[in-house]
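Read off the chains here:
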Amino acid sequence: MNEKSLKAYVTTKKDKKSNPTYSKMKMDNLSSIDDFLSKNFKTQGELNHNGVVGPQSTSNTLLSTHKQVKEVKLEDFKVLKVIGRGSFGKVCLVEYLPNHEVYAMKSLKKDLLIEQEQIENTLLEKEILQTIDYPLLCGLVFCFQNDERIFFVMPFLSGGELFQHLRKFRTFDEEKVQFYGAQIALALEYLHNKGIVYRDLKPENILMDEKGYLRLADFGMAKKLKENEKAMSFCGTPEYLAPEIITMEGHDKNSDWWSFGILLYEMLYGIPPFYIENLDKMYEMIKTHQVKFPKRFNVSEEAKDLIKKLLEKDPKKRLGSQSGIEEIKSHPFFANLNFNDIEQKKIPAPFIPELSNDTDVQYFDEEFTNEEVTMSYIPKKNMDVIKKNQTKFKEFSE
């Protein structure tokens, strides 16, 4: 498959700084969820007062990890809060009415997936989500589709994004960075052992559960690679991109270890090492500049050495490139940490979220959680496009 460049879909730190809810997703034609559910089951072709179609929405269950649940549909869920948004849809906190359990539900608009040629990438995301089974990754509970959207239903991780915690505290001490870093390294190694390159490591894609442990989420940019195969696309978040992605000379799992080094640096210093607002200059710095460590921060030599070795420009010389996580585990920075205990969640977390109930969203951005719960109607011309391409979504059921 020839990969489409995803340059147009990345969200930069500048975007988030000026507007935490910034998204390239169109925000027009919004209506309340209740209105959507009541009007969405009209006869095909009938228009509402806004001149947009309200199709008869057929439901197709694509995956259910609950053996007793054979079919799920949109009416089975009560939408409680908006907790996030991406380029192709939004993420909501939902209650599954048959058993009253709460989940996070990601909805993806089919017209946008068609327009941006992201059907195959979304299919791969679904395949990855349904095959991963690891305590440090966020997998899939249900997956279903209707005429307009695809829905991924996942565990609700009430501790929120690592990004929000880092934004609040600005930096983490080394104990936290060791604890969090070990979990991310283990999650990456699990994916790499399955031939999956993650490609979008950043604090926004790392979620915290109620016990203070992390899970890697959002596999929209992940890719499966065969042994010795390289991906040639330009994708990821600018300040986390490895040099070989920017030069488009081909990248593999070693690009994830670069991003891991960027993440460790950001947790310790509060900002990615090569970050500036000018993208072209930032890309040049990533390709040519060596990492610098501001003296005003009290960071150990072991941490600096680990980051230097992860931010090696040559991917073949980068830490992790030869024997994966074993190189990370053996580094002095992690000398006093038992990775097996981390994997089995035996070590008490250095920070445990204070939650009032199962639907507490205090650790999610208020710009989302205060937002009115809405769902957009699909304009008739867009529905026509979906109808013409609906067969492409049959693969999700195969």
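You'll find the structure just up there.
Here we summarise the structure given alongside this text.

Here we look at the packing of helix α6 (residues 174-193) against helix α8 (residues 254-269)
Thinking step 1. Here α6 crosses α8 at 165°, and the two axes come no closer than 10 Å. Looking at the two axes, α6 sits roughly antiparallel to α8. In this structure, α6 meets α8 at a crossing whose hand is right-handed. Across from Glu174, Val177, Tyr180, Gly181, Ile184, Ala185, Leu188, Glu189 and His192 in α6, the residues of α8 making contact are Asp256, Trp257, Phe260, Leu263, Leu264, Met267 and Leu268.
Thinking step 2. The class makeup of the residues in the contact of α6 with α8 is 11 nonpolar, 2 polar and 3 charged.

Some words on helix α10 (residues 301-310)
Thinking step 1. All of the buried residues in α10 are Ala303, Lys304, Leu306, Ile307 and Leu310. Looking down the long axis of α10, one finds its buried residues gathered within 160° of arc, a one-sided arrangement.
Thinking step 2. Elements that come into contact with the buried residues of α10 comprise α6, α8 and α11 (325-329).

As for the environment of Glu266
Thinking step 1. Relative to the assigned elements, Glu266 resides in helix α8.
Thinking step 2. In this structure Glu266 comes out as buried when scored by relative accessible area, which is 4%.
Thinking step 3. Between the C-alpha atoms of Glu266 and Pro203, which are 63 residues apart in sequence, the distance is 9.0 Å.

Quick look at the layout of surface pockets
Thinking step 1. Approximately 390 Å³ is the volume found for the second largest pocket.
Thinking step 2. Lining the second largest pocket are 19 residues, and of these Asn228, Glu229, Asp252, Lys253 and Asn254 lie nearest its centre.
Thinking step 3. Grouping the amino acids of the lining of the second largest pocket by side-chain chemistry returns 4 nonpolar, 7 polar and 8 charged.

Concerning the sheet that holds strand β10 (residues 206-208)
Thinking step 1. Taking strand neighbours across the sheet as the criterion, the 3 strands line up as β8-β10-β11 in an open arrangement whose pairing is antiparallel. In this open sheet, the two strands that pair with only one neighbour each are β8 (160-161) and β11 (214-216).
Thinking step 2. The pairing of β8 with β10 spans 2 bridges and is antiparallel. Each residue of the ladder has a partner; that of Glu161, found in β10, is Leu207.
Thinking step 3. Running over the sheet, α6 touches β10 and β11 and is turned about 30° from β11.

Conventions adopted
- Residues numbered from 1 in each chain as written.
- Predicted model: local features only at pLDDT ≥ 70, side-chain atom pairs only at ≥ 80, totals over all residues.
- Heavy atoms only, no water.
- Axes fitted to C-alpha atoms, helices over the stretch in contact; angles between N-to-C directions.
- Helix = DSSP H or I, 4+ residues; strand = E, 2+ residues; numbered from the N terminus.
- Parallel < 35°, antiparallel > 145°, perpendicular 65-115°, else oblique.
- Left-handed = near helix turned anticlockwise from the far one by under 90°.
- Contact = heavy atoms within 4.5 Å.
- Nonpolar A, V, L, I, M, F, W, Y, C, P; charged D, E, K, R; others polar.
- Buried < 20%, exposed > 50% of the residue type's maximum accessible area, 1.4 Å probe, protein only.
- Arc of directions from axis to C-beta.
- 1 Å grid on protein atoms, 1.4 Å probe; cavity = no way out; pocket = protein on both sides within 12 Å on 5 of 7 lines; lining within 4 Å.
- Points joined across faces, edges and corners; volume = space filled by probe spheres on them.
- Pairing = 2+ DSSP bridges.

The analysis is restricted to geometry; functional conclusions fall outside its scope.
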